[in-house]
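Listed below are the residues making up each chain.
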Amino acid sequence: MKIKPQIIGLPPYKPGKPMEDVKRELGLETVVKLASNENPFGASPKVAEAIQEALHHTAIYPDGYARTLRDKVAHYVGVAPEELIFGNGSDEVIQILCRAFLNEQTNTVMAEPTFSQYKLNAVIEGAELREVPLKDGVHDLDGMLEVIDENTRIVWVCNPNNPTGTYVSAEAFQSFLAKVPEDVLVVSDEAYVEYVTADDYPDTVPMIRTYKNLVVLRTFSKVFGLAALRIGYGVANQALIEKIEPVRPPFNNSTFSQVAAVAALEDEAFVQSSVEKNNEGMVQLTEWCSRMGLDYFPSQTNFLLIHVNRSSDDVFNAMLKKGYIIRSGRALGYPAWIRITIGSKEQNDGCLAALADVLAEELTTQHLS
Ligand SMILES: *Cc1c(COP(=O)(O)O)cnc(C)c1O
């Protein structure tokens, strides 16, 4: 058998450690997972009710066009239903875009470090990667513009960026967009948009009318608390959506995910209270870092990347023993940093106390910077 050569030796995605595994391995009763930027407050209670009702219809294929959800989301973001494409998580929209635009003759431009799925999918399609290092933790848009050439098909802007939590301003994004050749797709991945508080964060959705090469990615996995159900979407000009729709698997959003997302959108109060509590948690974590003398990137999300100034894998393992699953920065391109999802007040209290202990303990490491 001759598998695509670029897949040989490719490491599979390393997800945040599952809580049940940690409980079993360490014999702990409770484990707190602050590793994957999920909503610590779960989802709206209306979601479970909607799924309960849908349980009786498992023999029937889901609506392949997601009509009800499509209309809801169109209203929510302020576009026409035809300007949306739904994916099994926004991860799948990323995959669809890569399948539609990339092959061996093309290249794709992204920041480094950024969300891992752009690179993974591009590699599978055989495209050349042009990774442009972040500047002070922020996308170097000028640097990205410089490496675009006639073979560039997709440019990725993760905004706010995962794993740094930093953002590109409206002014910077507008001026970037105006300079990207109009036959190059620009993806603005906005998985954390609901958490953003910065006044100068770009309002990209209305820009799809002017820029026919812009796709905005959103998800129900973060503030809406539906990570388990896998549902995300892309917003773009109708002609572009029509071109990529044939690449989308026909029934890629289950009935459960569709009804759940509709219910989640209807509960604005849940989202608002999640965002408010996140803001409080962010203050709690950043103030703690300042008191501890630890650097961090200012974040517009529900996570914080913290400079622990020693091996992030060691800190990860020490935190695990105390029942806290956080994310080691090593696989994220920051081997002396850790990424912590903002939890509930109680989870944050516990996590920071555990981290203070870990950092005070003599770690058997070379100090990295
Ligand atoms: C979490 C995340 C996603 C993936 O979300 P799904 O909709 O669950 O696939 C996409 N982009 C970024 C930057 C993320 O952090």
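Here, residues in each chain are numbered from 1, in the same order as that chain's written sequence. Residue-level local features of this predicted model are given only where pLDDT is at least 70; pairs of side-chain atoms are given and counted only at 80 or more, and the full residue set underlies all totals for whole chains, interfaces and linings. For side-chain calculations, the full set of non-hydrogen atoms in the structure is used, while hydrogens and water are omitted.

## Description of unusual backbone geometry
E112 connects to P113 through a cis peptide bond whose omega is 0°. Position of P113 relative to the elements: it lies in the loop between β3 (107–112) and α5 (116–124). The peptide bond linking N162 to P163 adopts the cis configuration, its omega dihedral lying at 20°. Counting from the N terminus, the helices are the DSSP runs of H or I reaching at least four residues and the strands are the DSSP runs of E reaching at least two. Note on placement: P163 falls in the loop between β5 (152–158) and α7 (170–179).

## Digging into α7
Burial classification: accessible surface area is computed with a 1.4 Å probe over protein chains only, and a residue below 20% of its type maximum counts as buried, one above 50% as exposed, and the rest as partly exposed. Listed in full, the buried residues belonging to α7 are F173, F176 and L177. In a view along the axis of α7, the buried residues occupy a sector of 100°, so they form one face of it. In α7, those exposed residues whose orientation departs by more than 90 degrees from the buried face are E171, A178 and K179. Elements that come into contact with the buried residues of α7 comprise α6 (141–147), β5, β6 (185–189) and β7 (214–219). The directions considered for the arc are those from the helix axis to the C-beta atoms. We call two residues in contact when some of their heavy atoms are within 4.5 Å.

## As for the layout of surface pockets
In this analysis the probe radius is 1.4 Å and the grid spacing 1 Å, with only protein atoms considered; a cavity is a set of points the probe fits into but cannot get out of, a pocket is an open set with protein on both sides within 12 Å along at least five of seven lines, and lining residues have an atom within 4 Å of a point. Grid points are joined across faces, edges and corners, and a volume is the space filled by probe spheres set on the points. The volume enclosed by the largest pocket comes to roughly 1,200 Å³. Around the largest pocket, the lining is made up of 46 residues, and of these Y13, F115, S116, Q117 and R327 lie nearest the centre. Counting residues per element, the ones that place at least two in the lining of the largest pocket are α4 (90–101), β3 and α5. The element that contributes the greatest number of residues to the lining of the largest pocket is α5, accounting for five residues. Approximately 200 Å³ is the volume attributed to the second largest pocket. Lining the second largest pocket we find twelve residues, and of these K14, D313, F316, R327 and S328 sit closest to its centre. Mapped onto the lining of the second largest pocket, the elements with two or more residues apiece are α11 (312–321) and β11 (327–328). Looking at which element gives the most residues to the lining of the second largest pocket, the answer is α11, with three residues. Here the term charged refers only to Asp, Glu, Lys and Arg, the term nonpolar to Ala, Val, Leu, Ile, Met, Phe, Trp, Tyr, Cys and Pro, and the term polar to all other amino acids, Gly among them. Its residues assigned to classes, the lining of the second largest pocket shows four nonpolar, three polar and five charged.

## Details of the UniProt feature "domain: Aminotransferase class I/classII large" (unreviewed entry) in the chain
UniProt positions are given in the numbering used here, feature names are shortened, and annotations may be inferred rather than shown by experiment. Under the feature "domain: Aminotransferase class I/classII large" (unreviewed entry), the UniProt entry names residues 30–354. Between the C-alpha atoms that bound residues 30–354 the distance is 14 Å, and the span itself is 38% helix and 17% strand.

## Notes on the site of the ligand
Nearness of a residue to a molecule or strand requires only that one of the residue's heavy atoms be within 4 Å of it. Residues in close proximity to the ligand total 13 residues, the closest being S90, Y192, T219, S221 and K222. N or O atoms closer than or at 3.5 Å make up a polar contact, with two conditions inside protein: a donor-capable atom paired with an acceptor-capable one, and, for residues adjacent in sequence, both atoms drawn from side chains. One of the backbone nitrogen or oxygen atoms of D91 is found 2.9 Å away from an oxygen atom of the ligand. In this structure, an oxygen atom belonging to the ligand sits 2.9 Å away from a side-chain N or O atom of N162. All accessible-area figures derive from a Shrake-Rupley calculation using a 1.4 Å probe, and residue coverage is judged against the displayed protein chains alone. When the ligand is considered free in solution it has 390 Å² of accessible area, and contact with the protein chains removes 94% of it. Partitioning the shell around the ligand into residue classes produces four nonpolar, five polar and four charged.

## Notes on the sheet that holds strand β9 (residues 303–307)
Think of it this way: DSSP has to see at least two bridges between two strands before they count as a pair. Taken together, the three strands give an open sheet; going across it, the order is β9-β12-β11, and neighbouring strands pair in antiparallel fashion. Bordering the open sheet on either side are β9 and β11, each of which pairs with just one other strand. Pairing between β9 and strand β12 (residues 337–341): five bridges, direction antiparallel. Note that in β12 the partner of L305 across the bridge is R339. Here the axes come from fitting lines to C-alpha atoms, over the contacting stretch only for helices, and the angles between their N-to-C directions go from 0 to 180 degrees. Where helix α10 (residues 268–292) meets the sheet, it contacts β9 and β12, and its direction lies at approximately 5° from that of β9.

## Quick look at the sheet that holds β5
Whenever strands of a sheet pair, they do so through backbone hydrogen bonds, lying parallel or antiparallel. In space, the seven strands of this open sheet follow the order β2-β8-β7-β6-β5-β3-β4, with mixed pairing throughout. A single partner strand is all that each edge strand has here, and the edge strands are β2 (84–87) and β4 (128–133). In this sheet, adjacent strand axes meet at a mean angle of 20° when their direction is disregarded. Pairing geometry for β7 and strand β8 (residues 232–236), over five bridges, is antiparallel. Its bridge partner lying in β8, T219 is registered against G232. Each of β2, β7 and β8 is contacted by helix α3 (residues 67–77), which is oriented at about 120° to β2, the strand it contacts most.

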